Amino acid sequence: MANCAPDFRYRVYMSGILVIAERLRRLNSIADFVIIVTFKPGLDALPASDLALLADRGVIIRYGRNIWQRFLEQDKEAIPDPERAAEKSVMYNKLFAWEMTEYAAVQYLDADCMPTGQKRVISNSTSSTGSASLPMMDRYFVELPRTTFIRGWMSPLQGGWYLLKPSLETFAELVDLVKHRYSSSWEPNQGWDVRNERPAGKGPCLDDDQGLFWCYFRYAQRAPPM
C-alpha cells in the first residue's frame, strides 16, 4: 500500500488486499503473502484495527520509504515539476519487490487483481517439477523459470501481475531508469520507447511502469516479455 496518509484513503486498496489474501487462503496457497507499506507525512504506522485485519488473514507487512523519498527527493531542484513527479512516481513503488531477496521468486499483484480459479499454466512441466501437487498460483513459482510478464491490452505488457526473480542489481538498474524518467533529458514524446519500436496502437501506457518494464527487460535482453 503506497503513500498511506492520515485521510485513510489507502483502505480502498487494503480492501482489495484482504480479498486477495482470503481468496488465496481458500485456494490453499502455501506461499507467503507480503504487502509493502509506505507512508506520507502525517502517518507513520497503520492503526491497530487495520493491523488486526491484515494479521487475521496472514498478511506479512514490509515497511519502507517510497521511491520519491529514497531516490528522487534529494535532487528535486533538478526535476521538472517536482510536485507532479512526487505524485506520479508512486507507481514505481512496485519495484521494491525486487529487493525481497529472501525469496527465490515473487509474484507481484496489484490490489485489483483477483485470483479466480485452479488453472495450470504450462502443461508439459509438471512431470519434472512435481508442480501438479502445488495449489493454484503457487505453481507459477516452479513452472515459470524466470521473470515473466503477460501481454497488456493497452501496452506491450501488463504491470498488474508478474512473476519476478528478486535481484538487488536489477532493482538498482530499474531505479536508475526511473531517475532518468524524471530528469530534464527525458523525452515525453518518446516515453520509454528508447529504440522507437512503439507497437501500433500501444502508445498510452509507454510512459508509466509498464513502459519501464518493457524498456528494461526488452532492451537489457534478460527476460523478454512473453
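Notes on the structure in this doc start here. (Residues numbered from 1 in each chain as written. Predicted model: local features only at pLDDT ≥ 70, side-chain atom pairs only at ≥ 80, totals over all residues. Heavy atoms only, no water.)

## Observations concerning the overall build of the protein
For the protein, the helix and strand inventory stands at eight helices and four strands. By the burial criterion, 45% of the 226 residues in the protein qualify as buried. Relative to all contacts within the protein whose residues are 6 or more apart in sequence, the contacts with residues 24 or more apart total 69%. (Helix = DSSP H or I, 4+ residues; strand = E, 2+ residues; numbered from the N terminus. Buried < 20%, exposed > 50% of the residue type's maximum accessible area, 1.4 Å probe, protein only. Contact = heavy atoms within 4.5 Å.)

## Some remarks on the packing of aromatic side chains
The full count for this structure, using the stated rule, is 17 aromatic pairs. Seen in terms of ring centroids, W98 and Y162 are 5.7 Å apart; in terms of plane orientation they differ by 25 degrees. Their pairing is stacked. Placement of the pair is W98 in the loop between α4 (82–88) and β3 (106–109) and Y162 in strand β4 (residues 161–164), with a sequence separation of 64 residues. Among the residues examined, W98 registers a relative accessible area of 1% and is labelled buried. Measuring from centroid to centroid gives 4.8 Å for F149 and Y162, while their planes differ by 35 degrees, and the two rings are tilted. Highlighted residues: F149 in the loop between α6 (140–143) and β4 and Y162 in strand β4, separated in sequence by 13 residues. For the pair shown, F149 and Y162 are each scored as buried. (Phe/Tyr/Trp six-rings, centres within 6.5 Å; stacked < 30°, edge-to-face > 60°.)

## Quick word on helix α1 (residues 11–26)
In this model, α1 (16 residues) spans 22 Å end to end at C-alpha, consistent with the 22 Å of a helix rising 1.5 Å per residue. Every buried residue belonging to α1 is among M14, G16, I17, L18, I20, A21, E22 and L24, and all of these are buried. (Expected span 1.5 Å × (residues − 1).)

## Quick word on the side chain of Q107
The residue Q107 is located in strand β3 in this model. For Q107, a relative accessible area of 14% gives the class buried. A distance of 3.1 Å separates a polar atom in the side chain of Q107 from a polar atom in the side chain of W161. Contacts of Q107, omitting those with residues within four sequence positions, involve M137, Y140, F141, W161, Y162 and L163. (Polar contact = N/O pair within 3.5 Å; in protein donor to acceptor, adjacent residues only side chain to side chain.)

## Comments concerning the nonpolar core
Of all hydrophobic cores here, the largest spans 33 residues; its most connected members are I67, Y92, L95, W98, V178, L212 and F213. Only α3 (67–72), β3, β4, α7 (168–181) and α8 (209–219) provide two or more residues apiece to this core. When residues of this core are assigned to their parent elements, the largest contribution, seven residues, is made by α8. Once residues lying within four places of it in the same chain are set aside, the contact partners of L212 are Y92, L95, L174, L177, V178 and W192. Core analysis: the next-biggest nonpolar cluster, separate from the first, contains 25 residues, I17, L43, V59 and A111 among them. (Core = buried A, V, L, I, M, F, W, Y, C linked by side-chain atoms within 4.5 Å.)

## Focus: unusual backbone geometry
One non-glycine residue, N3, adopts positive backbone phi at about 55 degrees. Relative to the elements of secondary structure, N3 occurs in the segment before α1.

## Observations regarding the pairing of β4
For a regular strand, side-chain orientation follows a simple rule: the groups alternate between the two sheet faces. Of the two faces of β4, the one holding W161 and L163 and the one holding Y162 and L164 are both buried throughout. Relative to β4, β3 runs antiparallel, the two sharing four bridges. Bridge assignment links V106 to a residue of β4, and that residue is L164. (Pairing = 2+ DSSP bridges.)

## Details of α7
In an α-helix, one full turn covers 3.6 residues, which means residues spaced three or four apart are oriented alike. For α7, which comprises 14 residues, the first-to-last C-alpha distance of 20 Å matches the rise-based estimate of 20 Å (1.5 Å per residue) to within 8%. Burial in α7 covers these residues: T170, F171, L174, V175, V178 and R181. Axial view of α7: buried residues confined to an arc of 135 degrees, hence all on one face. Buried-residue contacts for α7 involve α3, α4 and α8. Its side-chain oxygen at 3.3 Å from the backbone nitrogen of E169, S167 defines the N-terminal cap of α7. (Arc of directions from axis to C-beta.)

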